[in-house]
Amino acid sequence: MKLSPRASSQLLAILEKDFRVEFREKTNLWVQLGFTIAVSIASAMAASYSTRPGDVGAATLGLYALFLSVFTGYSAFLREAYGGTLDGLRASPTERWVIFLAKSLLALAFILPQILVFTLVLKLFSGGLEVSWLPLLTWAGATSVFLAALTAFVSASLSYGEARAGPLLLLVLVLSLPYLKSSLAHLSDILNGVAPEAAGLLTDWLMAAGFSAIAIYLSEFILE
Amino acid sequence: MPEAILEVVDVWKKYREEGPWVLRGVNLKLPERTAVAVVGGNGSGKTTLLRIAAGLLQPSKGRVFVAGLDPRDPRAKPLIGVVMHYSLLYDQLTVAENLEFYAKLYGVEDYDPNSDPVVEALGLTKFLERKASELSFGWRRRADITRALLHKPRVLLLDEPFTGLDPEGVDALAGILESHVSRGGSLLATAPKRGDLEPLKPLKVYRLRGGVVEAEPKSI
């Protein structure tokens, strides 16, 4: 696995194509953004009644991140599998891990901004949240990388199954629980104005990077 | 006898462990500079055979070689062009964007759809700026064929290539495929009936029935 100039050019071509496809389906994008804002406002209202609003914010953001992963998983591989175009990618001389990396980066480009929008709206409408932005951005980066790799991995694994979209939610949930269990505790601290331990955030990043590396390696076999 | 560019050796395929065999010991050789047809009814395994030859499916048993390489080997893929009965174009992109995208994947430098002779021969020029989803089946088919040819493959794998084309399109495609073979390329085309591939003459024909190749190659 080496990102040669040829592989880089194929990676960029797939990303450019995917962004074009996504941005031409504007309705989907607006619905997704609207839903993010709506859930975030609802979450902020619930948080404002709590003595620990950060806990409520962390719980709803964790749930919403799971939803985002499932939604983005459909864009990653399943839509291409349903449409037949995945065969065009696989028939081309593009290495399988390059296709996987491109899909993971696409997922990251959708998950990260929405997590940030969610947090921003949550802060605006809840009133009581004392957000430290640097730890929050560190957390959001790690979690987005993890969820992007996870959703691309699950989506790729299901691309050739008969059930396809059915088990997506379940698989995302099962595989993300160990990460989210520790990661959401750090988010809760951040949203409650408590400085999280640097070691905790570093662990989030290590888990995210480790999972991504394993997923990229396994993609060579999944997309066989 | 020219060397075989594509060789299918005792290929068996079933999709599920307990499922039926879709292909049962298929042997087939595609010599260079030759057009070969595989005919067979619905469910006879034609598409499965093409997908295996294109490296999109792994055979349960047996081997396939494209210029001596496994078709799933990235070095073999630029040698293959494939047109399936379903389109490999993105609905949301224009025909030109689709072609440019695939040109980048195949490393075709400075590809310009406006100067692609296949685009012109198939009459696609006026549709280059139209989204793939806006094309009729026949025009989309033409765009798919252009996509499969843009990297100048040595082997073309065509699933029912003339389906959906009007007589003008059939003539244009037959001319392009003839020129592909005369330039040293090979092609393997499938259809339900021999008559469907008549524009590709001369051909050798394999008949696929129930996953088994029944007849020896012969001219039509």
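Computed from a prediction, not measured in an experiment: that's the story for all the values here.

Rules behind the numbers
- Throughout this description, residue numbers start from 1 for each chain and increase along the sequence as written.
- Here chains are named by letter from A upward and ligands by number from 1 upward, in the order in which they appear as written.
- The model is predicted, so local features are restricted to residues of pLDDT at least 70 and side-chain atom pairs to those at 80 or more, both for listing and for counting; the totals for chains, interfaces and linings are taken over all residues.
- With hydrogens and water set aside, each side-chain value is computed from the structure's full complement of heavy atoms.
- For the purposes of this entry, the term helix denotes a DSSP run of H or I that reaches at least four residues, the term strand denotes a run of E that reaches at least two, and both are numbered from the N terminus.
- Atoms counted for the radius of gyration: C-alpha only. Globule rule: 2.2 Å times residue count to the power 0.38.
- Exposed residues in this analysis have more than 50% of their type's maximum accessible area, buried residues have under 20%, and partly exposed residues fall in between, with area computed by a 1.4 Å probe over protein chains only.
- Whether two strands pair depends on DSSP finding at least two bridges between them.
- Note on definitions: angles span 0 to 180 degrees between N-to-C directions of axes, and those axes are lines fitted to C-alpha atoms, for helices only across the stretch in contact.
- We call two residues in contact whenever any of their non-hydrogen atoms come within 4.5 Å of each other.
- The cut-offs work like this: below 35 degrees is roughly parallel, past 145 is roughly antiparallel, 65 to 115 is roughly perpendicular, and the gaps in between are oblique.
- Here a crossing is taken to be left-handed if its near helix is turned anticlockwise relative to the far helix by less than a right angle, and right-handed if that turn runs clockwise.
- Any residue outside Ala, Val, Leu, Ile, Met, Phe, Trp, Tyr, Cys, Pro, Asp, Glu, Lys and Arg is labelled polar, Gly included; the first ten of those are nonpolar and the last four are charged.
- For any pair of parts, buried area is found by adding up, for both, the accessible area (1.4 Å probe) each one loses once the two are put together.
- Throughout this description, the term salt bridge denotes a Lys or Arg side-chain nitrogen within 4 Å of a carboxyl oxygen of Asp or Glu.
- Between the first and last residue of a helix there are one fewer steps than residues, each counted as 1.5 Å, and that sum is the expected span.
- The predictor reports its confidence for every residue as pLDDT, a score running from 0 up to 100.

This part covers the overall build of chain B. A count of helical and extended segments in chain B gives 5 helices and 9 strands. Secondary structure elements in chain B, listed N-terminal to C-terminal, are β-β-β-α-β-β-α-α-α-β-α-β-β-β. Radius of gyration (C-alpha) of chain B: 17 Å, near the 17 Å computed for a compact globule of 220 residues. Across its three principal axes, chain B shows a C-alpha extent of roughly 45 × 35 × 35 Å.

Another point: the overall build of chain A. Of the regular secondary structure elements, chain A holds 8 helices and 0 strands. Order of helices (α) and strands (β) in chain A, N terminus to C terminus: α-α-α-α-α-α-α-α. Over its C-alpha atoms chain A spans a radius of gyration of 18 Å, differing by no more than 12% from the 17 Å that the globule rule assigns to 224 residues. Principal axes of the C-alpha set define a box for chain A whose edges measure 55 × 40 × 30 Å. Looking at chain A as a whole, 53% of its 224 residues are labelled buried.

Here we come to the sheet that holds strand β1 (residues 4-13) of chain B. Residue and element names in this part refer to chain B. The strand order across the open sheet formed by 3 strands is β2-β1-β4, and the pairing between neighbours is antiparallel. Strands at the two margins of the open sheet, each flanked by one partner only, are β2 (23-31) and β4 (61-66). Taking each pair of neighbouring strands and ignoring which way they run, the sheet shows an average axis angle of 10°. Summarising the sheet, β1 and β2 pair through 6 bridges and their orientation is antiparallel.

Residues and elements named next belong to chain B. Mapped onto the elements, Glu120 comes out in helix α3 (residues 117-121). Here Glu120 falls in the exposed class, since its relative accessible area comes to 61%. For Glu120 and Thr47, which are 73 residues apart along the polypeptide, the C-alpha to C-alpha distance reads 29 Å.

Right, let's talk about the sheet that holds strand β5 (residues 80-83) of chain B for a bit. Residue and element names in this part refer to chain B. On the basis of which strands lie adjacent, the open sheet formed by 6 strands has the order β5-β6-β7-β3-β8-β9 and mixed pairing. Strands with a single pairing partner mark the edges of an open sheet, and in this sheet they are β5 and β9 (212-213). Relative to strand β8 (residues 204-209), strand β3 (residues 35-39) is paired through 4 bridges, and the arrangement is parallel. When the bridges of β8 are listed, Ala37 appears paired with Val205. Helix-sheet contacts for helix α1 (residues 46-53) involve β3, β5, β6 (155-159), β7 (186-191) and β8, and the interaxial angle to β6 is about 155°.

What follows concerns the packing of helix α1 (residues 5-23) of chain A against helix α5 (residues 96-126) of chain A. All names here are of chain A. Interhelical geometry of α1 versus α5 gives an angle of 40° and a closest axis separation of 9 Å. As far as their axial angle goes, α5 and α1 are oblique. Of the two possible hands of crossing, α1 and α5 adopt the one that is right-handed. The segment α1 lies against α5, with Ala7, Gln10, Leu11, Ile14, Leu15, Lys17, Asp18, Phe19 and Glu22 engaging Val98, Ile99, Leu101, Ala102, Lys103, Leu105, Leu106, Ala109 and Phe110. Considering only residue class, the contact of α1 with α5 consists of 13 nonpolar, 1 polar and 4 charged.

Attention now moves to the interface of chain A and chain B. At the interface, 28 residues of chain A touch 26 residues of chain B. Summed over both partners, the interface of chain A with chain B comes to about 2,300 Å²; 56% of that surface belongs to carbon and sulfur atoms. By the criterion of area lost to chain B, the three top residues of chain A are A:Arg24, A:Ala91 and A:Pro93, representing 23% of everything that side buries. Across the chain A-chain B interface, the total number found is 4 salt bridges. Salt-bridge contacts for A:Arg20 lead to B:Glu97; the nearest nitrogen and oxygen are separated by 3.8 Å.

Let us now look at the packing of helix α2 (residues 95-105) of chain B against helix α4 (residues 137-149) of chain B. Residue and element names in this part refer to chain B. Here α2 crosses α4 at 20°, and the two axes come no closer than 9 Å. As far as their axial angle goes, α4 and α2 are roughly parallel. Considering the relative orientation of α2 and α4, their crossing is right-handed. When α2 is examined against α4, the residues Val95, Leu99 and Tyr102 are found in contact with a partner set consisting of Ala143, Thr146 and Arg147. Residue composition of the contact of α2 with α4, by class: 4 nonpolar, 1 polar and 1 charged.

Let's shift gears to helix α3 (residues 53-83) of chain A. Taking 1.5 Å per residue, 31 residues should reach 45 Å; α3(A) reaches 43 Å between its end C-alpha atoms and fits that length. Phi turns positive, to about 90°, at A:Gly84, one or two residues after α3(A).

Residue and element names in this part refer to chain B. Across chain B, the average pLDDT comes to 89, with 95% of residues at 70 or higher. Averaged pLDDT values over the elements of chain B bottom out at 78 in β9 and peak at 97 in α2. Across the assembled chains, the prediction reports ipTM 0.90 with pTM 0.89.

On to the pattern of salt bridges. Overall, the coordinates contain 24 salt bridges over all chains when judged by the stated rule. For B:Asp144, the salt bridge identified is with B:Arg147, shortest N-O distance 3.0 Å. Of the two residues, B:Asp144 and B:Arg147 both sit in helix α4, 3 residues apart, roughly one turn of that helix. Here B:Asp144 and B:Arg147 have matching classes, each one buried. Several salt bridges share partner residues, and in doing so they unite A:Glu16, A:Arg20, A:Arg24, B:Glu97 and B:Lys104 into one network.

All names here are of chain B. Unusually for a residue other than glycine, Asp10 sits at a positive phi of about 50°. Here Asp10 is to be found in strand β1. Even without being glycine, Glu160 reaches a positive phi, approximately 50°. Within the secondary structure, Glu160 is located in the loop between β6 and α5 (167-182).

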